[in-house]
Amino acid sequence: MRSFLIVSAAALGLGACAGQPAAPAAPANPAAPSAAAPKAPQCWNGDTSKFMEVGSQASISGVPVSCEKNSDGKSAQWMGKK
């Protein structure tokens, strides 16, 4: 009985996936930025609930910090002033 339940559940799961229609292709938008152009690194500011650009200044718990690029250049993080 237990194996019947397992097989039935597996069949229902596979059937549900197979029965879904394919997602429609998104239309090409020439005005949209190119996927090849990487996004500039940013830092998340939880106080304002938004991303801040590299070079932005903020204060976290009274400590002045600035958003700086990491060594790989692909991301950024808040760094204390030196």
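Each remark here, short or long, concerns the structure printed above.
Basis of the calculations
- Residues numbered from 1 in each chain as written.
- Predicted model: local features only at pLDDT ≥ 70, side-chain atom pairs only at ≥ 80, totals over all residues.
- Heavy atoms only, no water.
- Buried < 20%, exposed > 50% of the residue type's maximum accessible area, 1.4 Å probe, protein only.
- Helix = DSSP H or I, 4+ residues; strand = E, 2+ residues; numbered from the N terminus.
- Pairing = 2+ DSSP bridges.
- Disulfide = S-S within 2.5 Å.
- Polar contact = N/O pair within 3.5 Å; in protein donor to acceptor, adjacent residues only side chain to side chain.
- Contact = heavy atoms within 4.5 Å.

**Some remarks on the pairing of strand β1 (residues 42–45)**
Next, step 1: Residues of β1 alternate between two faces, with Cys43 and Asn45 buried on one and Gln42 and Trp44 left unburied on the opposite face.
Next, step 2: Between the antiparallel neighbours β1 and strand β2 (residues 50–53) lie four residues, among them Ser49 with a positive phi of about 55 degrees.

**Considerations on the state of the cysteines**
Working definition: the covalent bond between the sulfur atoms of two cysteines is a disulfide.
Next, step 1: Inspection of the entire model under this criterion finds one disulfide.
Next, step 2: There is a disulfide in this structure between Cys43 and Cys67, and the S-S distance comes to 2.1 Å. The S-S bond linking Cys43 to Cys67 shows a torsion near 85 degrees; that makes this disulfide right-handed. Separated by 24 residues along the polypeptide, Cys43 in strand β1 and Cys67 in strand β4 (residues 63–69) bring together distant segments of the chain. An identical accessibility class is assigned to Cys43 and Cys67; each is buried.

**Overview of the side chain of Ser56**
Next, step 1: Locating Ser56 in the fold gives a position in the loop between β2 and β3 (57–60).
Next, step 2: Judged by its relative accessible area of 17%, Ser56 is buried.
Next, step 3: A polar contact of 2.7 Å, which involves the side chain of Ser56, links it to the backbone oxygen of Glu53.
Next, step 4: Not counting residues within four places of it along the chain, the set of residues in contact with Ser56 comprises Val65, Ser66, Cys67 and Trp78.

**As for the environment of Gly73**
Next, step 1: Along the chain, Gly73 falls in the loop between β4 and β5 (76–80).
Next, step 2: We classify Gly73 as partly exposed; its relative accessible area is 32%.
Next, step 3: Between the C-alpha atoms of Gly73 and Pro41, which are 32 residues apart in sequence, the distance is 7.5 Å.

Without other data, these values stay purely geometric and don't point to any function.
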